[in-house]
Amino acid sequence: MASCAVEGGCPSDYVAVSISILSIILLLAKAVAPYLIYKIPRPKGSSFWLVAIQVLASFNLLLSIVMALNFLKFKGRHWWNSCYIWAVWLEGPLGFGLLLSCRIVQGFQLYNIFVKRRLPPVRSYIFLPLVLLPWIAGSVFIHMKKPLNNLCHMGTQWIIPVICLHALYIAVLVGLTGAVQHVEFRFHELKDLWRGILVSACCIGIWVVAYILNEVHEDISWVQIVSRFLLLVTTSILVLAFFSISLSQPLVSLMSLRKKDHPEYETMGHALGIPDSGLLLQGEPTQFADPNEPLDKLLLNRKFRQSFMAFADSCLAGESVHFYDEVQQLEKVPDNDHVRRIYMARHIIDKYIAPGATMEVNISHRCRQEILSTLDLAHPDLFKNAVNELMQLMKMNLVNDYWSSTFFMKLKEESNMRTVNHELEEFGGWNFSHRLSSVHCADDPFHQEHSPSKPDSNSCDSDLQ
């Protein structure tokens, strides 16, 4: 036991490593499952790479603990066994520090979007390195001073500043969470922020306890083995608890292996409880789409819009119609419901407006910048100019071809069939029997249950007499 406590390779070490590998597999499944199972297109921008960086930082944190605390036994010493690679760089700037920095960036985004009602003034790919800079500077300083011994332990004069750096980032995260705690989030963002604070605080506590046990009792083999086992297993559990998708991709966060209600939330509008757009009620006949009507009026008809959208998709030009459809859903949200309007506006911007978006629409640079630099994401006319520009494009490029397409012919046939069925229902609802309508007696033979034991069957005649 004494040899494996120093060199690694104890049975408990391999059990802890197996648990950490399992946690990484579960983490990857949680992050990737919505895209593989539900075939969601991969988002672009910070909504995707912030989640990917969280997964990478979680892997780095677990790997740094495994390598720095000698869980695995290697023959001889190699340059890549250096404590400064694993315990300083991989655990700090590329592990725990990166995890906290990602959560701070996400909290900063939530604060700007829901409190300031604007997009963040600094891009995430610029803000994240700035937040991470103190970790990088601290790692450079420790690497230059080289305070670690052969067990990757440092003296008390070093551990206090390191703990203070961890606590500083948790304090920043607490401040951002406090600034947004009054917002009525729809996708558990606030709960995820508090959970991140709790998990990071527990990580620091466990790390300090394990460090003290390893530092003070270096000569007690079982203490070394038990403390590092608990450290790795607990960190594996906390990594899973720390991970969150809802802060960056709220709609994707609803589509996990644990939840069976995905079909109800295929769109952001459904997830926010916005009713379907359109003027038609269920059971109402489809109005005939008159080519002489203006396009903006025709698109208010839900059946026409669905048909026109299918035609545009077949021409690989459906972005404009999809954008119009989601803007219609946004307009159904009351102006005073700022949270839902911001959710929907942010979703539309990420999907259609942002450069490189999955369904980026063809609008002018001026119009795009007006939306991206808006000071009020809940403004009712936020997408008005974009809709007007796209309406002109659809009139020039799609409408004329649609009237001669099979999609319009199918819509016309459905309209005629619905009209005929509606007229038949109205016709069947009238009662044209003069004989039946003239019977007002209590013993109406068409509405009375007959019984042979009742002899008074001529009460109607007696009344007539």
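Conventions and cut-offs
Residues numbered from 1 in each chain as written. Predicted model: local features only at pLDDT ≥ 70, side-chain atom pairs only at ≥ 80, totals over all residues. Heavy atoms only, no water. Core = buried A, V, L, I, M, F, W, Y, C linked by side-chain atoms within 4.5 Å. Buried < 20%, exposed > 50% of the residue type's maximum accessible area, 1.4 Å probe, protein only. Helix = DSSP H or I, 4+ residues; strand = E, 2+ residues; numbered from the N terminus. Contact = heavy atoms within 4.5 Å. 1 Å grid on protein atoms, 1.4 Å probe; cavity = no way out; pocket = protein on both sides within 12 Å on 5 of 7 lines; lining within 4 Å. Points joined across faces, edges and corners; volume = space filled by probe spheres on them. Nonpolar A, V, L, I, M, F, W, Y, C, P; charged D, E, K, R; others polar. Salt bridge = Lys/Arg side-chain N within 4 Å of Asp/Glu carboxyl O.

Per an unreviewed UniProt entry, the recorded name for the protein is Regulator of G-protein signaling 1, and the organism is Forsythia ovata.

Points about the nonpolar core
In terms of nonpolar packing, the biggest core is built from 107 residues, with Phe 114, Phe 304, Phe 308, Phe 323, Ile 353 and Phe 383 touching the most fellow members. The element contributing the most residues to this core is helix 5 (residues 92–115), with 11 residues. Not counting residues up to four positions away in its chain, the partners in contact with Phe 308 are Leu 299, Val 321, Met 394, Leu 398, Val 399 and Tyr 402. Residues Ala 68, Cys 83, Trp 86 and Cys 152 belong to the second largest nonpolar core, which totals 15 residues.

Here's the deal with the environment of Ser 20
Within the element layout of this structure, Ser 20 appears in helix 2 (residues 11–37). Ser 20 gets classed as buried once you look at its relative accessible area, which sits at 6%. Here the alpha-carbon distance between Ser 20 and Leu 232, two residues 212 residues apart in the chain, equals 7.1 Å. Here Ser 20 is in contact with Leu 62, Leu 232 and Ser 236, once residues within four sequence places are set aside.

Topic: the layout of surface pockets
The calculated volume of the largest pocket comes to roughly 1,500 Å³. For the largest pocket, the lining is made up of 48 residues, of which Lys 44, Ser 47, Arg 346, Asp 350 and Lys 351 are closest to its centre. Residue assignment for the lining of the largest pocket shows that the elements contributing at least two residues are helix 3 (46–68), helix 5, helix 6 (124–145), helix 10 (250–253), helix 15 (338–353) and helix 16 (365–372). Element by element, the count of residues in the lining of the largest pocket is highest for helix 15, at six residues. Looking at the lining of the largest pocket, its residues break down into 24 nonpolar, 15 polar and nine charged. Considering only enclosed or pocket space, the second largest pocket measures out at about 520 Å³ in volume. In this structure, the second largest pocket is lined by 29 residues; those nearest its centre are Ala 87, Glu 91, Met 154, Val 162 and Trp 207. Those elements that provide at least two residues to the lining of the second largest pocket are helix 3, helix 4 (83–90), helix 5, helix 6, helix 7 (156–180) and helix 8 (189–216). The element contributing the most residues to the lining of the second largest pocket is helix 7, with six residues.

Focus on the pattern of salt bridges
Pairing between side chains of opposite charge can happen when their charged atoms approach one another. Scanning the model with the defined rule gives 11 salt bridges in all. Here Lys 351 and Glu 326 are joined by a salt bridge, their closest N and O atoms 3.2 Å apart. On the criterion of sequence distance, the pair formed by Lys 351 in helix 15 and Glu 326 in helix 14 (residues 319–331) is long-range, its members being 25 residues apart. Accessibility expressed as a relative area gives 23% for Lys 351, which makes it partly exposed. Among the residues examined, Glu 326 registers a relative accessible area of 6% and is labelled buried. Salt-bridge contacts for Arg 366 lead to Glu 370; the nearest nitrogen and oxygen are separated by 2.9 Å. With a gap of four residues between them, Arg 366 and Glu 370 both fall in helix 16, about one helical turn apart. Here the residues in one salt-bridge network are Arg 366, Glu 370 and Glu 389, joined through shared partners.

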